[in-house]
Amino acid sequence: MKVMKFGGTSVGSAQRMKNVADIIPKEGKNIIVLSAMSGTTNSLLEISDYLHKRNPDGANDTINTLELKYFREIEELFETREYKIQTLEVIKSHFDYIRSFTKKVFTLFEEKVIVAQGELLSTLLFSNYLKEAGYNIVLLPALEFMRINKNAEPDQNYIREHLNALVEEHKEADLYMTQGFICLNAYGEIDNLQRGGSDYTASLIGAALKADEIQIWTDIDGMHNNDPRVVDNTSPVSFLNFDEAAELAYFGAKILHPTCILPAKLEKIPVRLLNTMQPEA
Ligand code: ADP
Ligand code: ASP
Ligand code: MG
């Protein structure tokens, strides 16, 4: 079993999702971890910011714009009317839920619920797309197994037990999918693993399921010797040990979430950074 994590740009549009599907094996019981579509988490934080500032009109404008984007993606993504309608209804219910917060007291608790919608939306779209394309896929809700403790550290025993039980319950599936980033906290509330946290989800899942490999699919071919957004002519580094990778991530190599590597290191699971735009790289 492999963990395949796809970041926001990799699933940023209907077309990107279609390209990603070509990379995903139909068999092998691999597990796909998805981020929110690129821009969505930022929009959800913008909505939250309006609500913290008691500006429901500002929030509603951003909600409407974001919802329209999803309607357009659905139109482009699905072939059949059946899948279009079915997905549209669930997406609408998510946006109605987000809208309901414009009429309530707004705290950090509500913000986390809103921010969690990004990964719930992307996995809903993409798992339905793969179902329509004939994949025998089951969506495993991250909120049923991903958990942090009172110190905001992952509760590894809880994750291992609950995730293995869910996989066992769905033995018939040839492929699994789940949300990156989101989790429950020690009090059972919706929380998250911090910005960029889907990498961490992938590594925690890899460790919990003792996967053969953890693949982080992104928009660049591996960890480069410098930040390509700042430095010209960088090149990918072929091999890094876990400590070197963690150190680079810690000092800003945005390609990997800094703490993400630890669970993989402890279980000695190789991590590969791969490019969705150039899978052979
Ligand atoms: P994703 O949405 O897939 O999680 P991220 O944007 O989080 O992707 O990470 C990929 C980006 O990290 C690359 O597009 C690149 O601009 C940036 N990056 C920063 N430092 C490095 C580095 N040392 N090597 C590779 N990419 C890096
Ligand atoms: N969607 C979250 C973020 O934008 C998590 C992730 O992409 O890894 O930070
Ligand atoms: Mg990232």
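Structure: above.
Bear in mind the structure is a predicted one, so any value in this text is a computation, not a measurement. The written sequence of each chain sets the order in which its residues are numbered from 1. The order in which chains are written sets their letters, starting at A; the order in which ligands are written sets their numbers, starting at 1. Whole-chain, interface and lining totals are the exception, using all residues; otherwise, since this is a predicted model, local features are given only for residues with pLDDT of at least 70 and side-chain atom pairs are given and counted only at 80 or more. In computing side-chain properties, one takes all heavy atoms of the structure into account and sets aside hydrogens as well as water.

Chemist: How should I be thinking about the site of ligand 2 in this particular structure?
Modeler: A molecule or strand has a residue near it when one of that residue's heavy atoms lies within 4 Å. Every residue near ligand 2 is listed here: Ser35, Ala36, Thr41, Glu119, Phe181, Arg195, Gly196, Gly197 and Ser198. Between an oxygen atom of ligand 2 and a side-chain N or O atom of Ser198, the distance comes to 3.0 Å. Where accessible areas are quoted, they stem from the Shrake-Rupley method and a 1.4 Å probe; at the residue level, only the protein chains shown are allowed to cover. Compared with its free state, where it exposes 260 Å², ligand 2 has 86% of that area covered by protein. Here the term charged refers only to Asp, Glu, Lys and Arg, the term nonpolar to Ala, Val, Leu, Ile, Met, Phe, Trp, Tyr, Cys and Pro, and the term polar to all other amino acids, Gly among them. Residue composition of the shell around ligand 2, by class: two nonpolar, five polar and two charged. Polar contact criterion, stated in full: a pair of N or O atoms within 3.5 Å, where within protein one must be able to donate a hydrogen and the other to accept it, and residues adjacent in sequence count only if both atoms are side-chain atoms.

Chemist: Explain the site of ligand 1 to me, please; I cannot follow it from the model alone.
Modeler: In the region of ligand 1, 17 residues are neighbours, and Lys5, Thr218, Asp219, His224 and Lys254 sit closest. One of the side-chain N or O atoms of Thr218 is found 2.8 Å from an oxygen atom in ligand 1. Contact between ligand 1 and His224: a nitrogen atom at 2.8 Å from a main-chain N or O atom of the residue. Protein coverage of the free-state accessible area of ligand 1, which is 570 Å², stands at 87%. The residue makeup of the shell around ligand 1, split by class, is five nonpolar, seven polar and five charged.

Chemist: Just to check I follow, could you spell out the pairing of strand β1 (residues 2–6) for this structure?
Modeler: Both faces of the sheet carry side chains from a regular strand, because those side chains alternate between them. With four of its five residues buried, β1 lies for the most part within the structure. Here, any two strands with at least 2 DSSP bridges between them count as paired. Helix and strand definitions follow DSSP, with helices as H or I runs of at least four residues and strands as E runs of at least two, each counted in order from the N terminus. When β1 meets strand β7 (residues 213–218), the two strands line up parallel, connected through five bridges. Paired with Lys2 across the two strands is Glu213, which belongs to β7. Viewed with both strands pointing away, a crossover whose connecting path from the first strand over the helix to the second turns clockwise is right-handed. Regarding the hand of the β-α-β motif, the stretch spanning β1, helix α1 (residues 14–21) and strand β2 (residues 30–34) is right-handed. The buried label goes to any residue with under 20% of its type's maximum accessible area, the exposed label to any with over 50%, and the partly exposed label to all in between, with areas taken from a 1.4 Å probe on protein chains only.

Chemist: Sorry if this is basic, but what is going on with unusual backbone geometry here?
Modeler: The phi torsion of most residues other than glycine is negative, and most of the peptide bonds are trans. The residue Ala152 is not glycine, and still its phi comes out positive at about 65°. Note on placement: Ala152 falls in the loop between β3 (137–139) and α7 (156–169). Of note, the phi angle at Lys210 is positive, near 50°, even though the residue is not glycine. With respect to the secondary-structure elements, Lys210 resides in the loop between α8 (198–209) and β7.

Chemist: What's the story with the packing of α1 against helix α3 (residues 56–77) in this structure? I'm lost.
Modeler: For any two helices packed against each other, one specifies the crossing angle of their axes together with the interaxial distance. Close contact between α1 and α3 brings their axes to 8 Å; oriented N to C, the two are set at 45°. Classed by the angle they form, the pair α1 and α3 counts as oblique. Each of Ala14, Gln15, Met17 and Lys18 in α1 lies in contact with α3, whose residues at this interface are Glu73, Glu76 and Leu77. Split by residue class, the contact of α1 with α3 holds three nonpolar, one polar and three charged. Note on geometry: axes are lines fitted to C-alpha atoms, helical ones only across the stretch in contact, with angles between N-to-C directions running from 0 to 180 degrees. What sets the label is the angle itself: under 35 degrees gives roughly parallel, over 145 gives roughly antiparallel, 65 to 115 gives roughly perpendicular, and the rest give oblique. Should any heavy atoms of two residues lie within 4.5 Å, those residues are considered in contact.

Chemist: When you look at the environment of Ser38 in this model, what are you seeing that I'm missing?
Modeler: Mapping Ser38 onto the fold places it in the loop between β2 and α2 (40–52). For Ser38, a relative accessible area of 35% gives the class partly exposed. Ser38 sits 81 residues away from Glu119 along the chain, and the two C-alpha atoms are 10 Å apart. Those residues in contact with Ser38 that sit more than four places away from it in its chain are Gly8, Thr9 and Gly12.

Chemist: In this structure, what is going on with helix α6 (residues 117–132)? I would like to understand it.
Modeler: Compared with an ideal rise of 1.5 Å per residue, which puts 16 residues at 22 Å, α6 spans 22 Å between its outermost C-alpha atoms and is within 8% of the ideal. By the criterion of burial, α6 is predominantly enclosed, with 13 of the 16 residues buried. In the stretch just after α6, Gly134 is the one whose phi turns positive, near 95°. Take the residue count of a helix, subtract one, and multiply by 1.5 Å to get its expected span.

Chemist: Sorry, what's going on with the side chain of Thr62 here?
Modeler: Mapping Thr62 onto the fold places it in helix α3. A relative accessible area of 11% places Thr62 in the buried class. Residues contacting Thr62, with those up to four places away along its chain left out, are Ser43, Glu46, Ile47 and Tyr50.

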